[in-house]
Each structure stands twice: as structure tokens, then as C-alpha cells.
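Structural overview for review
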Amino acid sequence: MEKPKLHIVSLSGGKDSTAMLLRMLEEGMPVDIILFCDTGMEFEGLYHHIDKLEKYIGRPITRLKSEKSFEYLMLEHTPKRKNPELVGRIGFSWPGPRNRWCTAMLKQRIIDRYLRDLAKEYTLVQYIGIAADEPERVREFNYPLVDWGMIEADCLAYCKERGFDWDGLYDIFHRVSCWCCPLQSYDELRKLRKHFPELWEHLHWLDKQTWRTYLKHYSVEQLETRFAFEEERLAAGLPIKGRAFFDALRERLKEGED
């Protein structure tokens, strides 16, 4: 016997998935479950957005969250180590390009577990909010934004026309993901430091508690030194690129180590 279909919208809370959901509902497309998985490390403005969106559409948003927090997994969890060099290390420490444990454990596993139970009774039809100008797609999912030809700029404009502003987050950042993500660009980190000093201070604290530096070439303390040095240079009318800058930066970083 063929199982009934269940249409599931994956909602990250950002501009693309929000635009996808809004247009799907406006065009009368089937939406049975709206799924938001909370990492616990989102900006407050994103949580406000999810609440506002739920009221706007007049439908419940299913919110999933791991029982184990990001900070617990990063600082306290003791996984089985395959790499002998990591035996004895406590916590996963900072994620990186080759080990995005945060995405796997705080999102994908939680979502997969939830969907696995639903799949026992339903044929799942999943909708993912990847814009037409984003390259990464998986065959078995549905991408309405691609079908509509909506690029990222279209998605943001579409949401703003309907009154969504994420408490100004998209006026600061290009992407709104976990505020502590080490995969952010230097430019995004400069903005975090400037506009969210309390989160920047917490980033300092986290970095001091763990055994892997925040970035491959910089701890958060060293980033603070770099960004402050950049501000000094700019105020003096000096460049913050090129060999002369990086030679001077190395000297400044050495001073901080003494």
C-alpha cells in the first residue's frame, strides 16, 4: 500500500528558506510541517524572526534541538578518538572545514532522527531553501527557489517587502548563521566584534577553554590584536594589506606573546 505524502519545509530561519516558505504558502503549495532545528548558537535576532514568522503565517513551526548543547560538545564531551594524537583531549573543540561536527550533531542527526520516525508512515517530500545562485544541491530534495529563479538578493527583498528585517542582521552580515562559526570570513568577524561586543567577549572565553585555536592561524585573542591594529593603521591612513602590513602585524603579535 502506498504511503501518503508529507510535505516538509526545512527552515533555517535565514532569508532564503523564509522566502521559500512564504512563497510556497502564498501560491498554495502543500506544506504539512515547517521544521526549524535550533543549534543554540543563533543570533537573538534570528529567534525573534522565527517567532514573528510563526505569527505572520498563523501556523506552528516545529522546533527541534539537541539535548546536548554546543558548548557541552565543544568543551566537555569525550568522543572515541580514531586519531591517536587526539587521545586524552576533552571536547570536540572548534569545528573546521574538515570536521563540521556542529552541523552533524546539532542539526543533521536531530533532523534525521525526526524524519526517520515520520518515514515509517509517510512518503516524505522535502523542500530546501537553496537560492538559484547557490551551487550545492542534492538530487532527492526539492528546490523551489531554483525553479522560480530566485537568487539570494531576490529572497531578501521578498522577505523585506513582507515586513521581515531580522532585527537588522542582514544590514550587517551577508549571511546569518551561528554567531560563533569559525568558517566566517574575516569581514564577518570584524562586524561581529563591532556590533556584538558581548558575543565577541564570549568568543574570547570559549577560545580560552579549549585546545584548538579558533582559526588555523589565529586565536580569538590574536584576531583582536589584528583587528585593533587594522583600526590603528586605517586611522593613520596606512594600508591593511600587502607585505608591509603583514610584517608589522607579525611584530605586533609577537609583542602580545611577550
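Refer to the preceding data block for the structure.
Residues numbered from 1 in each chain as written. Predicted model: local features only at pLDDT ≥ 70, side-chain atom pairs only at ≥ 80, totals over all residues. Heavy atoms only, no water.

Considering the overall build of the protein
- Along the backbone of the protein there are 11 helices and four strands.
- By its C-alpha atoms, the protein is 70 × 45 × 30 Å across when sized along the principal axes.
- For the protein, with 258 residues in total, the buried portion stands at 44%.
- Across the protein, contacts joining residues at least 24 apart in sequence account for 62% of those joining residues at least 6 apart.
- A total of about 15000 Å² of accessible surface is found on the protein, and carbon and sulfur atoms cover 51% of it.
- Computed over 40 positive and 43 negative side-chain charges, the separation of the two mean positions in the protein equals 5 Å. (Helix = DSSP H or I, 4+ residues; strand = E, 2+ residues; numbered from the N terminus. Buried < 20%, exposed > 50% of the residue type's maximum accessible area, 1.4 Å probe, protein only. Contact = heavy atoms within 4.5 Å. Areas by Shrake-Rupley, 256 points an atom, 1.4 Å probe, with all protein chains shown as cover. Lys, Arg positive; Asp, Glu negative; His and termini not counted. Charge placed at Lys NZ, Arg CZ, Asp CG, Glu CD.)

So, the sheet that holds strand S3 (residues 62–65)
- Strand order in the open sheet formed by four strands is S3-S2-S1-S4, with parallel pairing between adjacent strands. The open sheet has two free edges, formed respectively by S3 and strand S4 (123–128), since each of these has just one partner strand. Between one strand axis and the next, the sheet turns through 30 degrees on average, direction left out of account.
- As paired elements, strand S1 (residues 5–10) and strand S2 (residues 33–38) share three bridges and run parallel to each other. Within the sheet, the bridge partner assigned to Ile 8 lies in S2 and is Ile 33.
- Sheet strands in contact with helix H4 (residues 101–118) are S1, S2, S3 and S4, and its direction is about 150 degrees off that of S2. (Pairing = 2+ DSSP bridges. Axes fitted to C-alpha atoms, helices over the stretch in contact; angles between N-to-C directions.)

Concerning the packing of helix H1 (residues 15–26) against helix H2 (residues 44–57)
- Contact geometry for H1 and H2: axes closest at 12 Å, N-to-C directions at 5 degrees. Judged on the interaxial angle alone, H2 and H1 are roughly parallel. Here Thr 18, Leu 21, Leu 22 and Leu 25 of H1 come into contact with H2, specifically with His 49, Leu 53, Tyr 56 and Ile 57.
- Residues that form the contact of H1 with H2 fall into these classes: six nonpolar, two polar and no charged. (Parallel < 35°, antiparallel > 145°, perpendicular 65-115°, else oblique. Nonpolar A, V, L, I, M, F, W, Y, C, P; charged D, E, K, R; others polar.)

What about the environment of Glu 2?
- Inspection of the secondary structure puts Glu 2 in the segment before S1.
- For Glu 2, a relative accessible area of 70% translates into the label exposed.
- A sequence separation of 121 residues divides Glu 2 from Thr 123, and the C-alpha atoms of the two residues are 8.4 Å apart.

What to know about the nonpolar core
- Counting 62 residues, the largest nonpolar core has Phe 43, Phe 70, Trp 179, Leu 192 and Leu 203 as the members making the most contacts within it.
- Excluding residues within four positions of it along the chain, Trp 179 makes contact with Met 41, Glu 42, Phe 43, Gln 184, Leu 192, Leu 199, His 202, Leu 203 and Leu 206.
- Counting residues in hydrophobic clusters, the runner-up holds 10 residues, among them Ile 8, Ile 33, Ile 110 and Ile 111. (Core = buried A, V, L, I, M, F, W, Y, C linked by side-chain atoms within 4.5 Å.)

Describing the side chain of Gln 184
- Relative to the assigned elements, Gln 184 resides in the loop between helix H7 (169–172) and helix H8 (186–195).
- On the accessibility criterion, Gln 184 (16% relative accessible area) is buried.
- With sequence-adjacent residues up to four places away left out, Gln 184 is seen in contact with Cys 178, Trp 179, Leu 189 and Tyr 214.

Quick notes on the pattern of salt bridges
- Summed over all chains, the structure comprises 22 salt bridges.
- In this structure, Lys 120 engages Asp 117 in a salt bridge whose closest nitrogen and oxygen atoms are separated by 3.6 Å.
- For Lys 120, a relative accessible area of 62% gives the class exposed.
- Notably, a salt bridge pairs Arg 250 with Asp 247, separated by 2.3 Å at the nearest N-O pair. Of this pair, Arg 250 and Asp 247 both sit in helix H11 (residues 243–257), three residues apart, which is roughly one turn of that helix.
- The network of salt bridges with shared partners includes Lys 15, Asp 16, Glu 152 and Arg 175. (Salt bridge = Lys/Arg side-chain N within 4 Å of Asp/Glu carboxyl O.)

Let's talk about helix H10 (residues 220–235)
- The end-to-end C-alpha distance of H10 is 23 Å, a good match for the 22 Å that 16 residues give at a rise of 1.5 Å each.
- Taken as a whole, H10 has its buried residues at Val 220, Leu 223, Arg 226, Phe 227, Phe 229, Glu 230 and Arg 233.
- One or two steps after H10, the chain reaches Gly 237, where phi turns positive at roughly 75 degrees. (Expected span 1.5 Å × (residues − 1).)

A few points about the pairing of S2
- Among the six residues that make up S2, six are buried, leaving the element largely enclosed by the rest of the structure.
- Taking every second residue as pointing to the same face, both faces of S2 are buried, with Ile 33, Leu 35 and Cys 37 on one and Ile 34, Phe 36 and Asp 38 on the other.
- Note on the crossover from S1 through H1 to S2: the handedness is right-handed.
- When S2 meets S3, the two strands line up parallel, connected through four bridges. If you follow Asp 38 over to S3, its bridge partner there is Lys 65.
- The handedness of the S2 to S3 crossover, carried by H2, is right-handed. (Right-handed = clockwise from strand over helix to strand, strands pointing away.)

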